[in-house]
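Chain by chain, the residues run as shown.
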Amino acid sequence: HVQLVESGGGWVQPGGSLSLSCAASGDTYAIAWFRQAPGKERNAVSCINFSDGKTFHRESVKGRFTISRDNAKKTVYLHMNSLKPEDSAVYYCAARVRGRWHVVDDYDYWGPGTQVTVPS
């Protein structure tokens, strides 16, 4: 069974940076970050495969966000730069053993989320 816990959320001014961590237990093929703002759909942000380190990003964060992993610690990080108000959301860590990186229903486990707020 996989357990996920996010940390590192906070309140950041536009243009600022923030790093999130996802501590995982159990084995999984990939871990992704999703985000959901109030009243909006939960969307994939970034994903990384544990085995080969292959990464995926949604277009709106390419060049600003970086995802990385520490296999020994079973931890995945999301480094966010040049933050914008539209990045404000609850960020969730999710794990899957197979499927499409950006599809919510393909993920088997979810963390409780951590809030990221970038004021307008």
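Data block above holds the structure.
Overview of the structure. Here the structure is a predicted model, which is why all the values come from computation and not from measurement. (Residues numbered from 1 in each chain as written. Predicted model: local features only at pLDDT ≥ 70, side-chain atom pairs only at ≥ 80, totals over all residues. Heavy atoms only, no water.)

It is worth spelling out the side chain of His57 at this point. Positionally, His57 belongs in strand E6 (residues 55–57). Side chain to side chain, His57 and Ser46 meet in a polar contact 2.7 Å long. Look past the residues within four positions of His57 in its chain and what remains in contact with it is Val45, Ser46, Lys62, Phe65, Thr66, Ile67 and Trp101. (Helix = DSSP H or I, 4+ residues; strand = E, 2+ residues; numbered from the N terminus. Polar contact = N/O pair within 3.5 Å; in protein donor to acceptor, adjacent residues only side chain to side chain. Contact = heavy atoms within 4.5 Å.)

Let us now look at the side chain of Asp87. Relative to the helices and strands, Asp87 resides in the loop between strand E8 (75–80) and strand E9 (89–96). Excluding residues within four positions of it along the chain, Asp87 makes contact with Arg35, Arg64, Phe65, Ser82 and Val116.

The residue Lys74 is not glycine, and still its phi comes out positive at about 55°. Relative to the helices and strands, Lys74 is located in the loop between strand E7 (65–70) and E8. Positive phi is not limited to glycine here, since Ser82 has a value of about 50°. Topologically, Ser82 is positioned in the loop between E8 and E9.

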